[in-house]
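# A look at the structure
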Amino acid sequence: IGKLSMRRVAREAGVALGLAHYYFASKGELIAALVGASAHRLHAEGPPETGDGAGPGAWLGRAEGLVTADRVRLSADIDSAALRDPVVAEAAAQRHRDAESEMGRQLAAVTTTAAVEPGDLPSLSAVLAAALDGLAVRALIDPSFDLPAAHAALQHLLQARLASQAGAAPRWRTAATS
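In this text the structure is predicted, and so the values were computed from the model without any measurement.

Within the protein, the secondary structure is distributed over eight helices and zero strands. Every one of the 178 residues in the protein was classed for burial, and the buried ones make up 33%. Once local pairs closer than 6 in sequence are excluded, the contacts in the protein between residues at least 24 apart make up 56%. Within the structure as shown, the protein displays about 10,100 Å² of accessible surface, and the carbon and sulfur contribution to it stands at 60%.

Set out below in C-alpha cells:
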C-alpha cells in the first residue's frame, strides 16, 4: 500500500489521472473501496458451517484454512495504512467488525451444537478474531514460531472458556484430534 499511488493506479488501469481522481478523491478512498470489496468476497469464501457437533475446535481448524500468507500480509498492510489515514481507518475498522460478527455467528452455531451458551459472544468473538490475526502475523514475522501449537492452545482456551460457562467440561473434538 505504501508504494501505491493514484498515478500508478491510473496508468495500470489505462485511464487518465483525472478520471481516477474523479472516482476516488484520494489514495485512502481507493484503498477503503478495495477493502470493502475484498471483505465482501472473503465473506463469500467464509469457513464452512459446522453442523456435525464437532464443537469450536473443529470449526476453528477449518477457519484456519482461509488464512494465507498473502491475506495476512495484506491485512497487516491495511491496518498499518489505517493508522495514518482516517478514511482507511474506518474501512479497516469495519472489516474487523465484520470479521468479529462472522466469528460470533459461527461461534453461536458451534456453541448451540455443543449445548453451551456463551455469556458475552461479541467480546469472545472480538478476542478470538484478534488472536487469530496476531498469531498469523507472528508466524509471518518469525519462521520458528509454531503456529499449529498456538492454534491448538487457542482451541483449548476457547473450549475451557465455553465449558466454564456451562458449568461442565464437555469434550469436543479439536482439529488436531478429529
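What follows continues from the structure just given.
The next subject is the nonpolar core. Generally speaking, nonpolar side chains in soluble globular proteins are found buried as a group. With 13 residues, the main nonpolar core has Met103, Leu107, Leu124, Leu128, Leu135, Leu154 and Leu158 as its most contacted residues. Secondary structure elements with two or more residues in this core: α6 (86-113), α7 (121-141) and α8 (147-166). At six residues, the largest contribution of residues to this core is made by α7. Among the nonpolar cores identified, the runner-up in size contains nine residues, and Ile31, Val35, Ala82 and Ala92 belong to it.

Right, let's get into the layout of surface pockets. In this structure, the second largest pocket occupies an estimated 230 Å³ of space. Taken together, Ile1, Lys3, Leu4, Arg8, Ile31, Leu34, Val35, Ser38, Leu74, Asp77 and Ile78 form the lining of the second largest pocket. Residue assignment for the lining of the second largest pocket shows that the elements contributing at least two residues are α3 (27-44) and α5 (69-82). Taken together, the residues of the lining of the second largest pocket sort by class into seven nonpolar, one polar and three charged.

Scanning the entire structure with this criterion turns up six salt bridges. A salt bridge links Arg73 to Asp70; its shortest N-O distance comes to 3.8 Å. Of this pair, Arg73 and Asp70 both sit in helix α5, separated by three residues, roughly a single helical turn. According to the relative accessible area criterion, Asp70 is exposed, its value standing at 60%. A salt bridge links Arg138 to Asp142; its shortest N-O distance comes to 3.5 Å. For Asp142, a relative accessible area of 22% puts it in the partly exposed group.

Glancing now at the environment of Asp79. Tracing the backbone shows Asp79 in helix α5. For the pair Asp79 and His96, spaced 17 residues apart in sequence, the C-alpha to C-alpha distance is 9.8 Å. In this structure the side chain of Asp79 is engaged in a polar contact, spanning 3.0 Å, whose partner is the side chain of His96.

Looking at the protein as a whole, its pLDDT mean stands at 78, while 71% of the residues score no less than 70. Considering only residues more than four positions removed or in separate chains, one finds that residues 168-178, a stretch of pLDDT under 50, has 28 contacts.

Inspection of the entire model under this criterion finds one aromatic pair. Measuring from centroid to centroid gives 5.1 Å for Tyr22 and Tyr23, while their planes differ by 90°, and the two rings are edge-to-face. You'll find Tyr22 and Tyr23 in the same group, each marked exposed.

Once that is clear, we can look at the environment of Asp133. Relative to the assigned elements, Asp133 resides in helix α7. Between the C-alpha atoms of Asp133 and Val72, which are 61 residues apart in sequence, the distance is 7.5 Å.

Packing of α5 against α7 brings their axes to within 10 Å, and their N-to-C directions diverge by 105°. As summarised for this structure, α5 and α7 are arranged roughly perpendicular, according to the angle between their axes. Taking contact as the criterion, the partners of Ala69, Val72, Arg73 and Ala76 in α5 are, on α7, Ala136, Val137 and Leu140. The residue inventory of the contact of α5 with α7, partitioned by class, reads six nonpolar, no polar and one charged.

Conventions adopted
Residues numbered from 1 in each chain as written. Predicted model: local features only at pLDDT ≥ 70, side-chain atom pairs only at ≥ 80, totals over all residues. Heavy atoms only, no water. Helix = DSSP H or I, 4+ residues; strand = E, 2+ residues; numbered from the N terminus. Buried < 20%, exposed > 50% of the residue type's maximum accessible area, 1.4 Å probe, protein only. Contact = heavy atoms within 4.5 Å. Areas by Shrake-Rupley, 256 points an atom, 1.4 Å probe, with all protein chains shown as cover. Core = buried A, V, L, I, M, F, W, Y, C linked by side-chain atoms within 4.5 Å. 1 Å grid on protein atoms, 1.4 Å probe; cavity = no way out; pocket = protein on both sides within 12 Å on 5 of 7 lines; lining within 4 Å. Points joined across faces, edges and corners; volume = space filled by probe spheres on them. Nonpolar A, V, L, I, M, F, W, Y, C, P; charged D, E, K, R; others polar. Salt bridge = Lys/Arg side-chain N within 4 Å of Asp/Glu carboxyl O. Polar contact = N/O pair within 3.5 Å; in protein donor to acceptor, adjacent residues only side chain to side chain. pLDDT = per-residue confidence, 0-100. Phe/Tyr/Trp six-rings, centres within 6.5 Å; stacked < 30°, edge-to-face > 60°. Axes fitted to C-alpha atoms, helices over the stretch in contact; angles between N-to-C directions. Parallel < 35°, antiparallel > 145°, perpendicular 65-115°, else oblique.

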